[in-house]
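# Summary of the model geometry
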Amino acid sequence: QVQLVESGGGLVQPGGSLRLSCAASGFTFSNYAMSWYRQAPGKERELVAGISGAGTVTNYKDSVKGRFSIFRDNRKNTVYLQMTSLKPEDTAVYYCNTQASFWGQGTQVTVSS
């Protein structure tokens with residue numbers, strides 16, 4: 001069965017950086033696009049970034065463009081989200097997603113001084 005396991009979240013000061021990882025299993029990883037979503041308290045879950053199966057096409061939410069980078073390693077069945085210049089408004093639970101319906105358990109990112 002499809003499994004997605006996120007890691008790498010934590011507490012970071014404004015302006016800091018974090019790298020999230022999502023380890024995937026149960027499907028042919030390189031055949032599918034992957035996405036990162038986030039959900040802040042009291043808000044709806046929103047798409048942050050996506051990447052094609054080959055890793056050649058990416059897309060980003062406007063507010064993270066230039067600060068976040070999504071990339072993948074198809075040898076390791078892992079997708080990453082490199083986050084820099086973090087802001088308090090980036091605080092949320094971050095989720096990995098594939099094929100629209102499969103989700104990881106999420107990893108908490110808190111940006112605070």
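Quick look at the structure, then.

Reading the values: rules and limits
Residues numbered from 1 in each chain as written. Predicted model: local features only at pLDDT ≥ 70, side-chain atom pairs only at ≥ 80, totals over all residues. Heavy atoms only, no water. Buried < 20%, exposed > 50% of the residue type's maximum accessible area, 1.4 Å probe, protein only. Helix = DSSP H or I, 4+ residues; strand = E, 2+ residues; numbered from the N terminus. Phe/Tyr/Trp six-rings, centres within 6.5 Å; stacked < 30°, edge-to-face > 60°. Disulfide = S-S within 2.5 Å. Salt bridge = Lys/Arg side-chain N within 4 Å of Asp/Glu carboxyl O.

## Let's talk about unusual backbone geometry
Of note in the backbone geometry, asparagine 77 takes a positive phi value of approximately 50 degrees without being a glycine. Classification of asparagine 77 as partly exposed rests on a relative accessible area of 27%. Backbone geometry at serine 85 places phi at a positive 50 degrees, although glycine is not the residue there. Within the secondary structure, serine 85 is located in the loop between strand 8 (78-83) and strand 9 (92-98). Residue serine 85 is classed as partly exposed on the basis of its relative accessible area of 39%.

## Thoughts on the packing of aromatic side chains
How two aromatic rings sit relative to each other is set out by the distance from centre to centre and by the angle between their planes. The full count for this structure, using the stated rule, is five aromatic pairs. A ring pair is formed by tyrosine 37 and tryptophan 103, whose centres lie 4.9 Å apart and whose planes are at 70 degrees; its orientation type is edge-to-face. On the criterion of sequence distance, the pair formed by tyrosine 37 in strand 4 (residues 34-39) and tryptophan 103 in strand 10 (residues 102-103) is long-range, its members being 66 residues apart. Assessed through its relative accessible area of 34%, tryptophan 103 is described here as partly exposed. With a centroid separation of 6.3 Å and 90 degrees between ring planes, the pair formed by tyrosine 95 and tryptophan 103 is classed as edge-to-face.

## What about the state of the cysteines?
Per the counting criterion, the structure on display carries one disulfide. With its sulfur 2.1 Å from that of its partner, cysteine 22 forms a disulfide with cysteine 96. Because the sign of the S-S torsion sets the handedness, a value of about -85 degrees for the bond joining cysteine 22 and cysteine 96 places this disulfide among the left-handed ones. Here cysteine 96 lies in strand 9 and cysteine 22 lies in strand 3 (residues 18-25), a separation of 74 residues in the sequence. Summarising the burial analysis for this pair, cysteine 22 and cysteine 96 share the class buried.

## Some thoughts on the pattern of salt bridges
Scanning the model with the defined rule gives six salt bridges in all. The partner of aspartate 90 in a salt bridge is arginine 38, and the shortest N-O contact between them spans 3.0 Å. With aspartate 90 in the loop between strand 8 and strand 9 and arginine 38 in strand 4, this pair connects stretches of sequence that are 52 residues apart. Residue classification places aspartate 90 among the buried positions, given a relative accessible area of 1%. For arginine 38, a relative accessible area of 5% translates into the label buried. For aspartate 73, the salt bridge is made with arginine 75, and the minimal N-O distance between the two is 3.2 Å. We classify aspartate 73 as buried; its relative accessible area is 13%. According to the relative accessible area criterion, arginine 75 is exposed, its value standing at 76%. The network of salt bridges with common partners includes Arg38, Glu46, Lys61, Arg67 and Asp90.

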